[in-house]
Amino acid sequence: MVERFHPEGRPLPPVPLSPATRAGDFVFVSGQVANLPDGSVYIGDFEREVELTIDNVELVLAAAGARLDQVVKVGAYLSNPLLFAPFNEVYRRRFGDAPPARTTVVVTFGHPDVRVEIDVIAHVG
């Protein structure tokens, strides 16, 4: 059985996707950025942008009945290779001493103010 989830109180994504899909014991979270509750994109300090992005991942995980500590794989996308160090600082704080597997790549985003996007897979079984 496949279920799709959207966090309550948040606007629908402007593109055709489900924020989270649960299939069996796995939750797949679509790429999240530093959207504020009204749907606008946060513009400001990069470390705060990463924090907000991970907060949004947590929000979507919760809508699907999962938690950040159940994440087994992370896809991280950065707009500039110079952002790796500050990204890693926040990532280390949020994921702790036993972080999940991760792939990090540098990409060009469609939105000029987005500098980080994160998608995850969580195991809830």
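Everything here concerns the structure above.
The structure displayed is predicted, hence computed values, not measured ones. (Residues numbered from 1 in each chain as written. Predicted model: local features only at pLDDT ≥ 70, side-chain atom pairs only at ≥ 80, totals over all residues. Heavy atoms only, no water.)

Participant: Would you mind going over the sheet that holds strand 3 (residues 26-32) in detail, with residue names and values included?
Facilitator: With respect to topology, 6 strands assemble into an open sheet ordered 1-2-3-6-4-5, the strand pairing being mixed. If you trace the sheet from one side to the other, it starts and ends with strand 1 (2-5) and strand 5 (101-106), each paired once. Between one strand axis and the next, the sheet turns through 10 degrees on average, direction left out of account. Examined bridge by bridge, strand 2 (residues 20-23) and strand 3 share 4 bridges and lie antiparallel to one another. Looking across to strand 3, one finds that Ala-23 is bridged to Phe-26. The sheet strands contacting helix 1 (residues 46-63) are strand 1, strand 2, strand 3, strand 4 (71-78) and strand 6 (116-123), and the helix crosses strand 6 at an angle near 35 degrees. (Pairing = 2+ DSSP bridges. Helix = DSSP H or I, 4+ residues; strand = E, 2+ residues; numbered from the N terminus. Axes fitted to C-alpha atoms, helices over the stretch in contact; angles between N-to-C directions. Contact = heavy atoms within 4.5 Å.)

Participant: Can you explain a nonpolar patch on the surface? Please cite residues and give values.
Facilitator: On the surface, a cluster of nonpolar side chains totalling about 240 Å² of accessible area is made up of Phe-26, Phe-28 and Val-72. Structurally, Phe-28 is set in strand 3. Taking the relative accessible area as the measure of exposure, Phe-28 reaches 36% and is therefore partly exposed. (Patch = residues over 30% accessible without salt bridge, like charges linked within 9 Å, V, L, I, M, F, W, Y side chains within 5 Å. Areas by Shrake-Rupley, 256 points an atom, 1.4 Å probe, with all protein chains shown as cover. Salt bridge = Lys/Arg side-chain N within 4 Å of Asp/Glu carboxyl O. Buried < 20%, exposed > 50% of the residue type's maximum accessible area, 1.4 Å probe, protein only.)

Participant: Now, about the pattern of salt bridges: what can you tell me, with residues and values included?
Facilitator: Per the stated rule, a full pass over the model turns up 8 salt bridges. Among the ionic pairs, Glu-47 bridges to Arg-93, the shortest N-O distance being 3.7 Å. Highlighted residues: Glu-47 in helix 1 and Arg-93 in helix 2 (residues 84-95), separated in sequence by 46 residues. On the accessibility criterion, Glu-47 (30% relative accessible area) is partly exposed. In this structure, Asp-55 and Arg-94 form a salt bridge, with 3.0 Å as the shortest nitrogen-oxygen distance. Of this pair, Asp-55 sits in helix 1 while Arg-94 sits in helix 2; the two residues are 39 residues apart in sequence, bridging distant segments of the chain.

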